[in-house]
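Tertiary structure, described
Single-letter residue listing:
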Amino acid sequence: MLKMKGIGASNGIALAKALILKHEIIKTNTKKINEKEITAELKKLYAALDAAGDEIKQLIKNTTKTLGPEKAAVFDAHLLITTDPVLIEDTEKLIKEEKCNAANALENAANKSIATLQAMDDKYFRERAADVIDVRDRILRKLLNIKAIDLTAIKAATIIVSHDLTPSETSQLNPEFIKGFLCDVGGRTSHAAIMARSLGIPAVLGLKNVTSKVKNNQFCVLDGNTGEIEIDLNSNEKNKWIAKQKAWVEEQKSLLVFKGKLTKTNDNHEVKLEANIGSPKDMIKAIEYDAQGVGLFRSEFLYMESNDLPSEDIQFEEYKKVLSATKDKVVIRTLDIGGDKELSYLDLPKEMNPFLGYRAIRLCLDRKDIFKTQLRALLRASVFGKLAIMFPMIATVEEFKAAKAIYEICKKELIKEKVKISDDIQVGMMIEIPATAVNAETFAKYADFFSIGTNDLIQYSLAADRMSEKVSYLYQPYHPAILRLIKMTIDGGHKYHRPVAMCGEMAGDKIAVPLLVGLGLDEFSMSASSILETRKIISTLNKNEMERLATQALQCETNEEVKLLVAKMLKQK
Ligand code: PEP
Ligand code: MG
């Protein structure tokens with residue numbers, strides 16, 4: 001048996017036989033045609049272009065239905081390539097003048113534009129080369145009569161193993177048969193991870209060389225909660241995992257009794273559990289798991305999934321969808337790009353320390369055009385629900401005031417344009433830079449609410465890159481210094497009666513939750529699938545006891561000491 005560990009990208013345990021997805025290299029022959037065959041080859045070309053176009057149109061339809069229009073948008077670009085005049089003209093020329101056969105001519109013409117795109121400085125154009133490759137192979141398969149791997153034809157429990165999964169492939173995955181997938185590359189925010197969570201398929205990514213370790217039909221197990229995978233198990237090992245999976249499924253079922261309940265400790269102290277979402281589609285899961293609103297809508301995914309800056313109208317429609325889906329509050333965070341989240345079409349400067357550089361609110365305050373478009377869309381959508389707007393990566397009071405001033409300008413503009421906007425919009429900020437946690441009391445004078453972004457707060461406080469494997473031992477959520485920063489934020493916010501939330505991963509962490517209750521956190525925002533379990537944990541806790549536990553934790557010297565302290569308390573329960 002072989003064990004590997006990657007990044008748990010979508011929760012759940014899957015057991016099934018592996019199917020390795022090889023992306024075949026299609027080769028055409030260079031046989032020349034004669035003058036009389038030109039018309040027939042041109043006909044073949046046009047028919048293949050039409051057939052590929054029809055296939056893509058079907059893909060757009062299916063994807064729109066299963067995953068929503070924003071996930072289908074990538075195929076609109078593919079459709080355009082099938083009618084690209086330059087590609088068609090170049091191919092025709094090769095057939096007519098060089099006497100290439102249709103397949104060889106198409107391959108050469110497409111490769112020319114792929115090479116041009118790949119040589120460009122701009123990352124956006126370099127990435128577009130992958131789209132041309134995808135379409136080139138689709139047309140070639142039509143010309144050469146090669147059948148594509150049809151993932152929709154898989155009708156037995158399967159774990160897909162692939163270097164990466166393209167959008168065309170992920171849109172075909174049927175959760176009834178595709179029990180999970182494993183990829184060499186990718187992380188929690190990669191396209192494949194987002195799709196896996198939307199589809200509810202367990203996945204482990206970033207396994208580096210899993211495609212060379214697994215063989216077709218080998219039995220595999222993956223745990224999307226922990227990132228562990230095991231390959232080629234004997235029956236004993238298999239049974240252990242079957243029991244583990246059964247327990248996980250049973251646990252998920254037992255949590256359903258917490259649906260529709262308030263979130264309260266056993267001495268009636270109430271808090272709120274909200275969902276972190278990345279697109280309006282995620283509201284389905286948020287509602288299924290009984291989220292009490294949305295504590296974080298990472299709006300940057302709207303920008304990352306499109307080929308250009310999304311217009312005010314496009315954004316308005318997306319925000320309206322989320323706001324209309326719930327009566328509860330929806331916190332929409334303004335664009336938080338930079339660091340680990342790139343926007344290729346913005347061509348941002350290369351920096352030595354991108355996490356400390358030109359990103360998020362810093363970029364928005366500089367590119368007011370981008371910021372205003374988003375704020376106007378948000379304000380227009382505000383009448384469809386209970387909107388709260390949150391600014392990311394605020395470091396100084398000046399920044400918050402400047403962002404709020406632009407918000408006020410947008411408001412005035414819209415009122416002048418006679419556009420209806422809600423008169424009850426909260427405007428708050430993320431606390432993810434240590435300086436703002438330390439000075440939370442000052443920020444509380446201006447911000448309507450706080451949401452603690454521990455994913456960044458931890459990396460900045462311990463100077464440990466959240467993406468680096470090598471320093472991951474320093475990424476310590478229970479470090480007493482982190483607990484102190486959280487306490488300062490909560491106390492600072494409460495001094496001005498501001499609600500304090502947390503939307504970093506720590507809010508759904510079993511060890512952290514008792515401490516956060518004790519420190520007085522008001523709202524916990526997490527991935528939807530963790531909500532019911534967290535509600536269950538909180539229902540067993542006593543607020544006064546947790547306050548004492550938190551006081552003890554603050555006196556600890558290390559992350560490990562705090563972890564043991566909480567684990568001991570949980571065991572006693
Ligand atoms: C955070 O930093 O904790 C957070 C929620 O933001 P993101 O993970 O999107 O940086
Ligand atoms: Mg952050």
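For clarity, every value in this text was computed on a predicted model and none was experimentally measured. (Residues numbered from 1 in each chain as written. Chains lettered and ligands numbered in written order. Predicted model: local features only at pLDDT ≥ 70, side-chain atom pairs only at ≥ 80, totals over all residues. Heavy atoms only, no water.)

1. What about the sheet that holds strand 5 (residues 178-183)?
Taken in spatial order, the 8 strands make up an open sheet running 1-8-7-3-4-5-6-2, and their pairing is mixed. Two strands in the sheet have a free side with no partner beyond their single neighbour: strand 1 (2-5) and strand 2 (7-10). On average, adjacent strands in this sheet sit at an angle of 30° to one another, irrespective of strand direction. Here strand 4 (residues 158-162) pairs with strand 5 via 5 bridges, running parallel. Note on strand 5: the bridge partner recorded for Ile159 is Gly180. Taken strand by strand, helix 9 (residues 235-254) contacts strand 3 (13-20), strand 7 (219-223) and strand 8 (228-231), and its axis lies near 125° from that of strand 3. (Pairing = 2+ DSSP bridges. Helix = DSSP H or I, 4+ residues; strand = E, 2+ residues; numbered from the N terminus. Axes fitted to C-alpha atoms, helices over the stretch in contact; angles between N-to-C directions. Contact = heavy atoms within 4.5 Å.)

2. Observations regarding the pairing of strand 13 (residues 386-391)
Counting buried positions along strand 13 gives 5 out of 6 residues, so the element sits mostly inside the fold. The sheet contact formed by strand 12 (residues 329-333) and strand 13 spans 5 bridges and is parallel. When the sheet's bridge partners are listed, Ile332 is paired in strand 13 with Ile389. Two elements, strand 13 and strand 14 (residues 426-431), share 4 bridges in a ladder whose sense is parallel. Note on strand 14: the bridge partner recorded for Phe391 is Met429. Between the parallel pair strand 13 and strand 14, the chain is carried across by helix 15 (residues 397-416), and the sense of this crossover is right-handed. (Buried < 20%, exposed > 50% of the residue type's maximum accessible area, 1.4 Å probe, protein only. Right-handed = clockwise from strand over helix to strand, strands pointing away.)

3. So, the nonpolar core
Ranked by internal contacts, the top residues of the largest apolar core, which has 93 residues, are Phe371, Leu375, Phe391, Phe450, Ile486 and Phe524. Filtering out sequence-adjacent residues up to four positions away, Ile486 remains in contact with Ile452, Thr454, Met502, Met506, Leu516 and Leu519. Leu49, Cys100, Ala129 and Ile139 belong to the second-largest nonpolar core, a separate cluster that totals 27 residues. (Core = buried A, V, L, I, M, F, W, Y, C linked by side-chain atoms within 4.5 Å.)

4. Looking at the site of ligand 1
In the neighbourhood of ligand 1, 14 residues make up the surrounding shell, with Arg298, Arg333, Gly453, Asn455 and Arg466 lying closest. Interatomic distance of 2.8 Å between a side-chain N/O atom of Arg298 and an oxygen atom of ligand 1. One of the backbone nitrogen or oxygen atoms of Gly453 is found 3.3 Å away from an oxygen atom of ligand 1. When residues in the shell around ligand 1 are grouped by element, the largest group, 3 residues, is from helix 18 (residues 454-461). For the shell around ligand 1, the residue count by class is 3 nonpolar, 4 polar and 7 charged. (Near = heavy atom within 4 Å. Polar contact = N/O pair within 3.5 Å; in protein donor to acceptor, adjacent residues only side chain to side chain. Nonpolar A, V, L, I, M, F, W, Y, C, P; charged D, E, K, R; others polar.)

5. Section: the environment of Leu165
With respect to the element layout, Leu165 can be found in the loop between strand 4 and helix 6 (167-170). Considered as a pair, Leu165 and Cys183 are 18 residues apart in the sequence and their alpha carbons are 7.6 Å apart.

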